[in-house]
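# Architecture and fold: a report
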Amino acid sequence: MKDFFDVLDQLYQKLLRGDTLEHDSQDYVFYLSPALPDRDGSLPLGGQGACQPPSVGSAPVPAAPVCLERHPQMSSAREITLLQLTVIRVMVSRASSAKAEVHAKEKYREIIKMLLQSSDLESKLTRMCQHRDKLLSHVTAECLALLLCFRLKEERTLSNSWIVFCQKHLSEYSESDNVACCLWTVTFVIKEIFKDTCSQKTEILKQFLTPFDAIFEVFYKSLFSQHFENRQDTSKMVNILIGFLELLELLAASRLYLGLHSPCQRIILFLKPSYLLRVITWPVQAFVRRKFIIFIKKCLLWKVGEDLYRGPVAPLMPPDCHLDGDTLALADTVLEAVDLGLLRTLSVHGKPSCFGGEVQRGCEQVPGPDHVILRAASLLILKSLQIKFQNCASANDMKVDLQRFMSELLTFLKPHLQPSLRSHNLCEWLSRVFIEQDDDMLEAARASVDIYLKSTRESDVTGSLAQDEELRNHHTHENGYNPHCIFLFFLKNVGFDPTVLLDFLISSETCFLEYFVRYLKLLQKDWGKFFTICKDFDVTECNDSITVCGRISSRVRDRDGNQTEPSPLFELGGCRNSHVCSSWASGAASEPPNQVMTSEEIQATLRATRLSPRQASQSLVDYDSSDDSELESTDPCLADGIIQTSLCQETAKKIQDAVGTHGDGEELSEELQAGPVVPEESNTVSVYCDTAPDSTGSEVGTAHRTARCFDELRGAVDRLQKKNLFPYNPTALLRLLRQFEAMYSASTSPS
């Protein structure tokens, strides 16, 4: 027994080193053939020959099987069997490895083929998958899956015993471990085919899936027809749900990346997706709902299976003739479910996600909505509307659908967004919901642009009066899909920082380039609306600033003494309300007139303590080669946060110092007039809130800050292109940015 184990151990070590096996292949087959368990579950040690080959081991091995569990001096036959399966698994992996030596790989293949032919190994492993020992069952399933892959690639055949086993257990839903084993094995084989480097992956996968086309559809209907709420123990069903969802994702990915056309793909994923939508309303754990709604979202975005590749994501195959129609069918099903009350029954009150799970010990969970589900549901509806409108020719139908579904979405979101959405501009919902997920935010923004373009294009074709145009414009704000508001809220969130836009343009992880180009083209025909919305933003920010400062001044008046120590909001809120606040606060404290700062002094102080966008972006583009870029900060977000905080604190300190030394303030103000004209952050506009802002004349209006941001962005892209550091040809993008600058100059130049 010990000699048997030693031989297997030596063989295992040789495989790990990649050594060529020098003995006869039949000798190795003898040691690698596992024995079937007895009826009582004990594992005998089986062999193929009548005696031990002397060239492989040092001690003879009995010809008849010996039940190791009957010998107390031995550990167990379980360890022998596990070692046999491990050696087989490593040998199969080495036989298909590109790094293994050619002669060694040939020997490995020869042994594996003999093992499959002489011992009916796959049939044995299929039966061992049903063993009550969980570890043994799992290792057996993994070994079986690798052998199935090997046979597919070498012989283009499958084990009949395994196919019968899977068809039997997947023909109807049951909570047996055999169902989970079948799903796991099928999924593992498909993943291995995806990872393979051969050029015939599509043909191999098609041959593998052909016996299961009808079975998958039957199992799909049976599984999702269950009543989850009536079950006491749901753990097994949850495991099967997750396993089948992973299989569905692989089926969808094979269509996009391998060009595989299978009947079960269309029927399950696109033509009958209503079963999947039911799951997200079931009373299951939050992570199950997340997985299903994210899967449906990825199907609509054609992003299923992006994480299946170890290297760069493979390019999408040319879409088949049915893909657009199938995606439209999926979008229609989503909208029908929303119309039937999907959002009203969707639970978003889950435990917040933590690293390693949903619950952290010793930490109190802050109640709140599940933002993953909020984002996925929002993008699901927007994308479904976008896809539907691509195939819709009626402007009235689009208007009705937008009113119905966007109002349903906003009603769903409002209770979960704190602080609540402003009634005068509901377009803020998009930046609020997607603030923590850049790729989804830009997908949603791109969908909103497409929806707007399609609806306005159809209205332009039918012809509309000025009054109709005004109503349509109001409709875009009322239903939260005005592209100009959405873009300006996005710019505000990034502080009108051109370096952030540059990062998005360079990155391949989002669709920002496509979205940005579409929006710049939209501005050429919608310039008047954009400029009007910029003015509305300025007025809104001014009113908000006055409200905030009124609250601060009221707190100051409520103090018993004459102390006017500023609140944290005043000190770090930057300086967005410094003029109004300082005036009201000083009046409440009865300070002498000569100790109150004027707006000009505060403006000068702000300018002196803030980096211009050009200075901020200079470090990104002024190095001479790409190697120099490694010297830059590795955490720009953290660095930017530290810089902004310290600048704001420094500004507040200078303002406070100047209040006490007003005599030198005028000199300081004159000295600092050379600072940057436009503060970088969007919240500085209300320094000028004594009067209603005018975007055409004010140098801190939203339109001006947008133009300044685009100017800095164009300069950065231009410099990178000249140094051959930009990843693609930005000529068209630069032309659109110059056209924006020309339109802005024409709008702001004195007539």
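## As for the overall build of the protein
Of the regular secondary structure elements, the protein holds 33 helices and two strands. Looking at the 751 residues of the protein, the share that counts as buried comes to 50%. Considering only contacts within the protein whose residues lie at least 6 apart along the sequence, 76% involve residues at least 24 apart. By element, 51% of the accessible surface of the protein is carried by carbon and sulfur atoms, the whole surface being about 35200 Å².

## Here's the deal with the pattern of salt bridges
On inspection of all chains with the given rule, the structure shows 34 salt bridges. Here Arg518 and Glu514 are joined by a salt bridge, their closest N and O atoms 2.4 Å apart. In this pair, Arg518 and Glu514 are both assigned in helix H24 (residues 512-525), four residues apart and thus about one turn of the helix distant. Since its relative accessible area comes to 28%, Arg518 is described here as partly exposed. According to the relative accessible area criterion, Glu514 is partly exposed, its value standing at 32%. Each of the salt bridges in this network shares a partner with another, and the network as a whole consists of Lys303, Glu443, Arg446, Asp450, Glu514 and Arg518.

## Some points on unusual backbone geometry
Peptide bonds are mostly trans, and most non-glycine residues show a negative phi. Positive phi, close to 55°, is recorded for Phe496, a residue that is not glycine. By the element assignment, Phe496 lies in the loop between helix H22 (483-493) and helix H23 (498-506). For Phe496, a relative accessible area of 2% gives the class buried.

## Here's the deal with the nonpolar core
One finds Phe208, Phe216, Phe224, Trp429, Phe490 and Phe516 to be the most contacted residues of the largest nonpolar core, which totals 202 residues. The greatest single-element share of this core, amounting to 14 residues, is contributed by helix H11 (residues 235-257). Once you skip the residues sitting within four places of it in the chain, Trp429 turns out to touch Ser378, Leu382, Met406, Leu409, Leu410, Leu413, Leu421, Phe434 and Gly480.

## Let's talk about the packing of helix H3 (residues 77-95) against helix H6 (residues 134-155)
For the pair H3 and H6, interaxial distance at closest approach is 9 Å and the crossing angle is 25°. By the angle between their directions, the pair H3 and H6 is classed as roughly parallel. The crossing of H3 and H6 is left-handed. Here Arg78, Thr81, Leu82, Leu85, Ile88, Arg89, Val92, Ser93 and Ala95 of H3 come into contact with H6, specifically with Leu135, Leu136, Val139, Thr140, Glu142, Cys143, Leu146, Leu147 and Phe150. Here the contact of H3 with H6 is composed, by residue class, of 12 nonpolar, three polar and three charged.

## Quick word on the packing of aromatic side chains
Counted under the stated rule, the structure contains 34 aromatic pairs. Arranged with centres 4.4 Å apart and planes meeting at 25°, the rings of Phe487 and Tyr519 form a pair that is stacked. Taken together, the residues span a long stretch of sequence, with Phe487 in helix H22 and Tyr519 in helix H24 at a distance of 32 residues. Consider the rings of Phe530 and Phe740, whose centres lie 6.1 Å apart with planes at 70°: the pair is edge-to-face. On the criterion of sequence distance, the pair formed by Phe530 in helix H25 (residues 527-557) and Phe740 in helix H33 (residues 731-748) is long-range, its members being 210 residues apart.

## Quick word on the side chain of His704
Secondary-structure assignment places His704 in helix H32 (residues 702-722). A polar atom in the side chain of His704 sits 3.1 Å from the side chain of Tyr744.

## Quick word on the packing of H22 against H24
Contact pair H22 / H24: the axes reach a minimum separation of 11 Å and the direction vectors enclose 125°. Overall, the two elements H22 and H24 adopt an arrangement that is oblique. Crossing handedness for the pair H22 and H24: left-handed. Of the residues in H24, those touching H22 at Pro483, His484, Ile486, Phe487 and Phe490 are Phe512, Tyr515, Phe516, Tyr519, Leu522 and Leu523. Classifying every residue of the contact of H22 with H24 gives 10 nonpolar, one polar and no charged.

## A few points about the environment of Thr345
Checked against the element boundaries, Thr345 lands in helix H16 (residues 342-345). Note on Thr345: relative accessible area 49%, which makes it partly exposed. Here the alpha-carbon distance between Thr345 and Trp282, two residues 63 residues apart in the chain, equals 9.1 Å.

## Some remarks on the confidence of the model for the protein
Across the protein, the average pLDDT comes to 75, with 68% of residues at 70 or higher. Ranking the helices and strands of the protein by mean pLDDT puts H23 first, with 96, and helix H26 (residues 568-572) last, with 34. The low-confidence segment residues 57-74, where pLDDT is below 50, has 35 contacts with residues more than four positions distant or belonging to other chains. For the stretch residues 559-698, pLDDT sits under 50, and the model shows 182 contacts to residues farther than four places along the chain or on other chains.

## Considerations on helix H2 (residues 25-32)
The element H2 is extensively covered by neighbouring structure, given that seven of its eight residues are classed as buried. Of all the positions in H2, only Ser25, Asp27, Tyr28, Val29, Phe30, Tyr31 and Leu32 are classed as buried. Near the N-terminus of H2, the side chain that reaches the backbone nitrogen of Gln26, with its oxygen 3.0 Å away, is that of Asp24.

## Overview of the environment of Cys182
Tracing the backbone through its elements, the reader meets Cys182 in helix H8 (residues 177-195). When its relative accessible area of 1% is taken as the criterion, Cys182 is described as buried. For the pair Cys182 and Trp162, spaced 20 residues apart in sequence, the C-alpha separation works out to 9.1 Å. In contact with Cys182, other than residues within four places in its own chain, are Phe165, Cys166, His169 and Leu170.

What counts and what doesn't
Starting afresh in each chain, residues are numbered from 1 along the sequence in its written order. Local features in this predicted model are restricted to residues whose pLDDT is 70 or higher, and side-chain atom pairs enter the listing and the counts only when it is 80 or higher, whereas totals over whole chains, interfaces and linings include all residues. Hydrogens and water molecules were not included; the side-chain quantities draw on all heavy atoms of the structure. Runs of H or I in DSSP of at least four residues are treated as helices and runs of E of at least two as strands, each being numbered from the N terminus. Relative accessibility under 20% of the residue-type maximum defines a buried residue, over 50% an exposed one, and the middle range a partly exposed one, all with a 1.4 Å probe and only protein chains included. It only takes one pair of heavy atoms within 4.5 Å for two residues to be counted as in contact. Residue exposure ignores everything except the shown protein chains as possible cover, and the areas themselves are Shrake-Rupley values with a 1.4 Å probe. What makes a salt bridge here is a side-chain nitrogen of Lys or Arg within 4 Å of a carboxyl oxygen of Asp or Glu, nothing more. Working definition of a nonpolar core: buried Ala, Val, Leu, Ile, Met, Phe, Trp, Tyr and Cys residues. They are joined through side-chain atoms within 4.5 Å. To define axes, lines are fitted to C-alpha atoms, for helices over the stretch in contact only, and angles between the resulting N-to-C directions are given on a 0 to 180 degree scale. Note on angle classes: values under 35 degrees are labelled roughly parallel, values over 145 roughly antiparallel, values of 65 to 115 roughly perpendicular, and the remainder oblique. Crossings are classed by handedness, with left-handed meaning an anticlockwise turn of the near helix from the far one by less than a right angle and right-handed meaning a clockwise turn. Residues are grouped as follows: Ala, Val, Leu, Ile, Met, Phe, Trp, Tyr, Cys and Pro are nonpolar; Asp, Glu, Lys and Arg are charged; every other residue, Gly included, is polar. Aromatic contacts are taken between Phe, Tyr and Trp rings whose centres are within 6.5 Å, Trp giving its six-membered ring; a plane angle under 30 degrees counts as stacked, one over 60 as edge-to-face, and the others as tilted. Polar contact is the term for a pair of N or O atoms within 3.5 Å; when the atoms are in protein, one must be able to donate a hydrogen and the other to accept it, and sequence-neighboring residues count only if both atoms are side-chain atoms. Confidence of the prediction at every residue is given by pLDDT, a number between 0 and 100.

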